[in-house]
Amino acid sequence: MMTEISLNILDIAQNSVSAHATLIEITVQIAQSLNLLQVEIKDNGCGMTEEEAVKAQDPFYTTRTTRKVGLGIPFFKQAALSCGGDFHMESEPGKGTKVYASFQLTHIDRMPLGDMNSTLYSLITFHPSIDFVYTYRVDDKSFVLDTREMRSLLHNVPLNNPEVTVFLKNFLMENHEEANEGIYF
Amino acid sequence: MKTLEELQAIREKMQGQIGLRSETASQTRVVVGMATCGIASGARPVLTALSNAVQEKNLTNIAVVQTGCIGLCQYEPIVEVFAPGKEKVTYVKMTPEKALEVLEQHLLGGKVVDKYTISSEGRI
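The text that follows walks through the structure, step by step, so that each part is easy to find.

The rules behind the values
- Residues numbered from 1 in each chain as written.
- Chains lettered and ligands numbered in written order.
- Predicted model: local features only at pLDDT ≥ 70, side-chain atom pairs only at ≥ 80, totals over all residues.
- Heavy atoms only, no water.
- Helix = DSSP H or I, 4+ residues; strand = E, 2+ residues; numbered from the N terminus.
- Contact = heavy atoms within 4.5 Å.
- Areas by Shrake-Rupley, 256 points an atom, 1.4 Å probe, with all protein chains shown as cover.
- Pairing = 2+ DSSP bridges.
- Axes fitted to C-alpha atoms, helices over the stretch in contact; angles between N-to-C directions.
- Left-handed = near helix turned anticlockwise from the far one by under 90°.
- Nonpolar A, V, L, I, M, F, W, Y, C, P; charged D, E, K, R; others polar.
- Buried < 20%, exposed > 50% of the residue type's maximum accessible area, 1.4 Å probe, protein only.

Attention now goes to the overall build of chain B. Along chain B, the regular secondary structure elements total four helices and four strands. N-terminal to C-terminal, the α/β element order of chain B is α-β-α-α-β-β-β-α. Across chain B, contacts joining residues at least 24 apart in sequence account for 62% of those joining residues at least 6 apart. Summed over all atoms, the accessible surface of chain B reaches about 6400 Å², with 49% contributed by carbon and sulfur.

As structure tokens, then:
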């Protein structure tokens with residue numbers, strides 16, 4: 001099991017990287033009035049057939065060749081279902097994959113959202129050629145980080161340039177803090 | 001809300017300096033396993049600790065990179081060091097603290113930290 005939802009997100013996004021995605025969209029939405037935390041990870045990678053998408057939710061299926069189990073998606077699904085949430089996946093070969101999980105915000109078994117800053121930071125700085133769109137929303141407060149926008153401002157300065165990564169870290173930290181308004185999810 | 005405006009200034013500052021950090025044959029590669037097994041056992045803080053330290057010390061001859069499952073999940077988090085012309089060194093059961101020790105002693109000091117290598121587990 002993962003100890004944080006943010007680690008699940010990192011793990012699922014790594015699948016998108018392996019699927020040769022060029023754009024990965026990550027959305028985290030918290031609605032306190034609905035007692036809901038929703039996560040969506042959408043990519044434009046190689047996708048899967050319907051049959052493969054169903055199989056991917058089975059721990060005893062994997063496309064990798066090093067061993068016969070694959071736990072990333074089953075972990076995420078279990079985490080969501082064990083706190084009264086939902087989980088589904090849509091995929092189409094050649095088009096990409098969308099993974100959705102929701103959690104009851106106040107469920108006793110819901111793990112903390114965790115360090116989303118680190119998840120986004122490592123995804124963006126270690127995959128400088130992939131674009132990410134990250135949306136974080138708490139009730140009516142939200143912010144969006146779109147690396148395509150960053151690129152157009154930066155021209156040929158790469159996203160893993162040390163100055164840029166420092167900026168990125170602060171950007172994520174400050175905007176999360178502002179959206180959270182002092183609540184730790 | 002913090003905006004992207006600052007990037008404009010970074011761009012102006014960085015113009016003309018690009019390409020200085022490109023990878024060369026003399027570069028040491030530090031590889032962190034980041035598959036489900038690695039992430040679940042704590043690879044993310046190890047990776048960030050290493051990359052932050054490399055950045056802070058401005059070590060342009062060291063490249064910290066990610067990889068998938070290395071195949072020794074019970075030993076995760078795993079950090080592999082590929083120094084040019086030397087044999088690969090595999091560090092197992094890493095923590096951010098141990099990783100920084102490896103950075104100091106092995107990557108900067110040139111001395112392999114034997115107690116954290118996979119052979120110290122007595123199985124390989």
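Additional details are given in the paragraphs that follow.
All names here are of chain B. Reading across from one edge, β2-β1-β3-β4 is the order of the four strands in this open sheet, with mixed pairing throughout. The sheet is open, and its two edges are formed by β2 (62-67) and β4 (89-91), each paired on a single side. For this sheet the average axis-to-axis angle between neighbouring strands, irrespective of direction, equals 20 degrees. Bridge count for strand β3 (residues 79-82) against β4 is three bridges, and the pairing is antiparallel.

Before going further, it helps to spend a moment on the packing of helix α1 (residues 5-18) of chain A against helix α3 (residues 72-81) of chain A. Residues and elements named next belong to chain A. One way to put it is that α1 packs onto α3 with a least axis distance of 9 Å and a crossing angle of 140 degrees. At the point where α1 passes α3, the crossing takes the left-handed sense. For the pair formed by α1 and α3, the contact residues are N8, D11, I12 and N15 on the first element and G72, I73, F75, F76 and A79 on the second. For the contact of α1 with α3, the residue count by class is five nonpolar, three polar and one charged.

All names here are of chain A. With respect to the helices and strands, T135 occurs in strand β5 (residues 131-138). T135 gets classed as buried once you look at its relative accessible area, which sits at 17%. With residues up to four places along the chain from it excluded, the contact list for T135 reads I26, T27, V28, F143 and V144.

Honestly, that's just the spatial picture; any functional story needs more than this.
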